[in-house]
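# Residue-level structure breakdown
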Amino acid sequence: MKKLKWWMLIVGGFYTLLTVMNLIFLFVKPDFFAEQLPPLYAGNELAASAFSDAWLVFVFELGVLGGMLLYASGKPEKAGCWC
């Protein structure tokens, strides 16, 4: 169970780190995503807004997965297979 606990801590911490980094880019520097769009959509504010809104859903998913892995690492024996 020690290997499972460490795996959960490492992966959960990594997902949480990715969440924090993406939230910083989304809310502190929102123009970052507008700069990453292809040249066809470079000046389109609606396209940049739609892309950042869709990306926010992915960021929330990473945050939930990371948080649940960190939470479950407290009792890794209960995270086993129900087979």
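On a predicted model such as this, the values are computed, not experimentally measured, just so you know. (Residues numbered from 1 in each chain as written. Predicted model: local features only at pLDDT ≥ 70, side-chain atom pairs only at ≥ 80, totals over all residues. Heavy atoms only, no water.)

### A few points about the overall build of the protein chain
Regarding its fold elements, the protein chain presents three helices and zero strands. Its helices and strands taken in sequence order, the protein chain reads α-α-α from the N to the C terminus. For the protein chain, the C-alpha atoms occupy an extent of roughly 50 × 25 × 15 Å along the three principal directions. The buried share of the protein chain, taken over its 83 residues, is 23%. (Helix = DSSP H or I, 4+ residues; strand = E, 2+ residues; numbered from the N terminus. Buried < 20%, exposed > 50% of the residue type's maximum accessible area, 1.4 Å probe, protein only.)

### A closer look at the side chain of Thr19
The residue Thr19 is located in helix α1 (residues 2-27) in this model. Classification of Thr19 as buried rests on a relative accessible area of 10%. Each residue touching Thr19, except ones within four places of it in the same chain, is listed here: Val59, Leu62 and Gly63. (Contact = heavy atoms within 4.5 Å.)

### Concerning the packing of aromatic side chains
Aromatic ring pairs are defined here through the distance separating the ring centres and the angle between the ring planes. With the rule as written, the count across this model stands at seven aromatic pairs. Consider the rings of Phe14 and Tyr15, whose centres lie 6.4 Å apart with planes at 45 degrees: the pair is tilted. Judged by centre distance (5.0 Å) and plane angle (55 degrees), the rings of Trp55 and Phe58 are tilted. In this pair, Trp55 and Phe58 both sit in helix α3 (residues 45-72), three residues apart, roughly one turn of the helix. (Phe/Tyr/Trp six-rings, centres within 6.5 Å; stacked < 30°, edge-to-face > 60°.)

### Quick look at the environment of Leu40
Assignment of secondary structure puts Leu40 in the loop between α2 (31-35) and α3. Given the relative accessible area of 71%, Leu40 is considered exposed. Separated by 23 residues in sequence, Leu40 and Gly63 have C-alpha atoms that sit 31 Å apart.

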